[in-house]
Structure formats: C-alpha cells, structure tokens
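An overview of the molecular structure
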Amino acid sequence: MVEPLVTPPNDLMPALDREGTGELSPYQRLSQRMQDVTGDRGVLKEVIREGAGDLVMPDASVLVKYSGYLEHMDKPFDTNCFRKIPRLMKLGEEITLWGMEVGLLTMRKGELARFLFKPRYAYGALGCPPLIPPNTTVLFELELLDFLDSAESDKFFALTAKQQDVFPLEKVLKVAGTEREFGNYLFRQNRFHDAKERYKRASSILCRRPFHPGEQGQIESAKLLVFLNLSFTYLKLERPTRALVYGEQALAIDQKNAKALFRCGQACLIMTEYKRARDFLVRAQREQPLNHDINKELKKLASCYRHYMDKEKEMCCRIFSPLHSSAVQQN
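Analysis parameters
Residues numbered from 1 in each chain as written. Predicted model: local features only at pLDDT ≥ 70, side-chain atom pairs only at ≥ 80, totals over all residues. Heavy atoms only, no water. UniProt positions renumbered as here; feature names shortened; annotations may be inferred. Helix = DSSP H or I, 4+ residues; strand = E, 2+ residues; numbered from the N terminus. Buried < 20%, exposed > 50% of the residue type's maximum accessible area, 1.4 Å probe, protein only. Contact = heavy atoms within 4.5 Å. Areas by Shrake-Rupley, 256 points an atom, 1.4 Å probe, with all protein chains shown as cover. Expected span 1.5 Å × (residues − 1). Lys, Arg positive; Asp, Glu negative; His and termini not counted. Salt bridge = Lys/Arg side-chain N within 4 Å of Asp/Glu carboxyl O. Polar contact = N/O pair within 3.5 Å; in protein donor to acceptor, adjacent residues only side chain to side chain. Axes fitted to C-alpha atoms, helices over the stretch in contact; angles between N-to-C directions. Parallel < 35°, antiparallel > 145°, perpendicular 65-115°, else oblique. Left-handed = near helix turned anticlockwise from the far one by under 90°. Nonpolar A, V, L, I, M, F, W, Y, C, P; charged D, E, K, R; others polar. Phe/Tyr/Trp six-rings, centres within 6.5 Å; stacked < 30°, edge-to-face > 60°. Arc of directions from axis to C-beta. Pairing = 2+ DSSP bridges.

The protein chain appears in an unreviewed UniProt entry as peptidylprolyl isomerase from Phascolarctos cinereus. The record in UniProt for the protein chain states the following under Catalytic activity (unreviewed entry): "[protein]-peptidylproline (omega=180) = [protein]-peptidylproline (omega=0)". Per UniProt, the comment on the protein chain under Sequence similarities (unreviewed entry) is "Belongs to the FKBP6 family."

Attention now moves to the overall build of the protein chain. Helix and strand counts for the protein chain come out as eleven helices and nine strands. Counting the 331 residues in the protein chain, one finds 42% classified as buried. For the protein chain, the share of sequence-separated contacts (at least 6 apart) that also reach a separation of at least 24 residues comes to 64%. Entry remark: accessible area of the protein chain is about 18,900 Å², with carbon and sulfur atoms responsible for 53%.

Moving on, we come to helix α8 (residues 240-253). Along its 14 residues, α8 runs 20 Å from first to last C-alpha, staying within 8% of the 20 Å computed at 1.5 Å per residue. Among all positions in α8, only P240, A243, L244, Y246, G247, A250 and L251 are buried. In this structure, the buried side of α8 is in contact with α6 (192-207), α7 (216-236), α9 (258-270) and α10 (274-287).

Moving on to the side chain of R263. Here R263 shows up in helix α9. No salt bridge is formed by the buried R263. Its closest oppositely charged neighbour is D293, at 6.9 Å. Within the local environment of R263, its side chain forms a polar contact with the side chain of Q266, the two groups lying 3.2 Å apart. For R263, the contacting residues outside a window of four places in its chain are S231, F232 and L235.

What follows concerns the pattern of salt bridges. Enumeration according to the criterion identifies 20 salt bridges in this entry. Between E94 and R87 there is a salt bridge, with the nearest N and O atoms lying 3.0 Å from each other. On the accessibility criterion, E94 (36% relative accessible area) is partly exposed. Shared partners join several salt bridges into a network, and the residues in it are R33, E46, R114 and E141.

Looking now at the side chain of N80. Along the chain, N80 turns up in the loop between β5 (78-79) and β6 (89-90). A polar side-chain atom of N80 sits 2.9 Å from the main-chain carbonyl oxygen of V64. Within polar-contact distance, the side chain of N80 engages the backbone nitrogen of Y66 at 2.8 Å.

Okay, the packing of α8 against α9 next. Closest axis-to-axis distance for the α8/α9 pair is 8 Å, and the angle between their directions is 155 degrees. In terms of orientation, α8 and α9 fall into the roughly antiparallel class. For the pair α8 and α9, the sense of crossing is left-handed. Where α8 abuts α9, its residues P240, A243, L244, G247, E248, A250 and L251 lie against A260, L261, C264, A267, C268 and I270. Among the residues forming the contact of α8 with α9, the class breakdown is eleven nonpolar, one polar and one charged.

Here we come to the packing of aromatic side chains. Using the criterion set out here, one finds twelve aromatic pairs in the structure. Judged by centre distance (5.7 Å) and plane angle (5 degrees), the ring pair of Y234 and Y246 falls under stacked. Of this pair, Y234 sits in helix α7 while Y246 is found in helix α8, placing the two residues twelve residues apart along the sequence. Note on Y246: relative accessible area 8%, which makes it buried. Among the aromatic residues, those joined into a cluster by ring pairs are Y66, F77, F115, F117, Y123 and F140.

Taking 1.5 Å per residue as the helical rise, α10 with its 14 residues ought to reach 20 Å, and the 20 Å between its terminal C-alpha atoms agrees with that figure. Burial in α10 covers these residues: Y274, A277, F280, L281 and A284. All buried residues of α10 project into a common sector of 130 degrees when viewed along the axis, lining one side. Set apart from the buried face of α10 by more than 90 degrees, the exposed residues are K275 and R286.

Moving on, we get to the pairing of strand β2 (residues 43-49). Put simply, side chains in a regular strand alternate between the two faces of the sheet. Here strand β1 (residues 35-36) pairs with β2 via two bridges, running antiparallel. Residue pairing in the sheet places Q35 in a bridge with K45 of β2. Hairpin remark: β1 followed by β2, antiparallel, with six residues in the connecting loop; positive phi at G39, about 90 degrees. Bridge count between β2 and strand β8 (residues 112-117): six bridges; the pairing is antiparallel. The residue bridging K45 from the neighbouring strand is F115, located in β8.

Moving on: the packing of helix α5 (residues 169-188) against α7. The N-to-C vectors of α5 and α7 enclose an angle of 20 degrees; their axes lie 11 Å apart at closest approach. Taken together, the axes of α5 and α7 lie roughly parallel to each other. Seen along the crossing, α5 lies across α7 with a hand that is left-handed. Contacts between α5 and α7 pair L169, L173, R180, N184 and F187 from the former with Q218, I219, A222, L225, V226, N229, F232, T233 and K236 from the latter. Residues belonging to the contact of α5 with α7 are distributed by class as follows: eight nonpolar, four polar and two charged.

In structure tokens, the structure reads:
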C-alpha cells in the first residue's frame, strides 16, 4: 500500500513570492494537469494510484485516509493518517467538507488521489479562522481503503416486518452481508460489543426469513458466516457459553467446518470441559491436519489437563493424608 503523503510533492513545495511576476503559483501549476470533476473547476482531481471495482455510492459509508494542505505549508492542517484504522464515515451525514464528498463519489476501492477544492467546495468566503484564511483553495489527498453501500440496508430497516418478509432474497442477502461487513470493521477496531450487535442484526435478518424451495442453500451459507463471526466475537468478549452456542449452530449447517469445530473447542477449554474440548479439536485437526492454530490449541489443552490432574491429585492427598495418619495412630 502506498504510504499516505507526509509532505507535499516537489511541485507543491512553498515557492518564492511571485506576486506581480506573472508566474503561476504551485496550486495553479498543479491545476493545469488535473481533471475537472464538477464542471466549474471547483473540484479538480489527479489520480495517483488507480482503484478497482465500483464507484462509491451516494449513501455509502467510507473508510478513507486523508490529509489537507494549505498552499504554502509543508505540514497538513488536517489529517487522520495517524490512525491505524480510520473511522467509518457515512456520506451525506458525517463528512462536512463538500469537496471531499464530491471527490469520494469519483473514487474506487484502493484508489489514491489528490484534489484541489476551491473555496466554494471547501471553507467558503469566511474560511475557518485562525487556521484557514478567507477564500482559500485547499489540497486534499484521499486514499479510499474501502466502502460499504448501506443504501439497501437503510431501505430494508425502514420497512415493516411484513414488508421485510417479502423483500427479494438477493436484496436480503445483500443487507445481511452489509451488516456483517460493518461488524467485521468494528471487530478489527476491537469494538467487540458493537461488532456483536451488527452480527446479531445480520443473524436476525437471515433466521426470520421464510425461505422458498431453492433458497435454503443461499440462506444457510450466509448464516454459517454470521454464526462463525458471532462465535469468535463471544470468545473475545470472554463469554464462552455463547461462543459455544453459535459454534454449534454453525456445525448444524456444516458439521465438518474446521473453524466452527475450533471455536467450540476453544469455548469448552475455557469452560474447563476438557473432554468436549478434545473431541472438537481432534475433529478440527482431522479436517485441517496442518493448521497451526488448531495444533497449538491441542497442546494448550494437554497442558491445561495435566495441570488440572496435578491439582486433583494434590487435593486428594490433602483430604486423605489426615485420615491415613489417624488410622496409623489408632493401630
């Protein structure tokens, strides 16, 4: 991945004051080779790295890294590049800079682009004192890491329960998939409680869907992914009983699923149900003999079981030693 811009490129470095010389400023020079996005040259674009897939949709939530520069400053006045994972922002609600929203709608996943925003599309005639002077053109560099099209989800959740039941299967699967992707994003941020809520929304959509002949396979495949996510999330939340429930629901769909067997084994190990843990983990190993995580968990299980047996022996010795001593004394 291309590293976000820390300082502007050479042709944007601060130039000597050229007022009255007729020479172009750095931003003026840059603008000559940029694409006019809006038709009024209010938003200009230069692609640094091409993206792939569909363009961002108007109702999407975007995962974007950005840095904003004034013309004669070599450090950004605004950036989120210090964050490991940027905050997910919904277009039309959480992005306040008009030019940024316009620019994002021209981008594809993985794209890195540079934009010039004229005052009308940036901070206007007043600017944003004391940082942004009045009537200022600003440069923004945007890297679109990912986006989620939530338009279908918004439409679905605005329906009544009866209307949701007759929603086309293809769209139901898309809504459930979007909820799951939101959950995945939250999970990567270690926001496990929020991720769980998203996964449960996806699960409720799929589980209450009255499927018709020929639809079961698609619904079960989607449910399997969500149950696996929920099982893993409950492990992260240190709730092994719930993790086991969802792991077993995944196994009801695919009894040889190595991930489900592994999650169930992990949950049973935490609950000190060693025999059940071994059964699940051995079955998982049978499906994926070379899986490092499964083999590591089996070694951990063996160690925990030895420690448990040692404690049991020690306890028995403490209980029966006084009785043995008393019997010897009586004799």
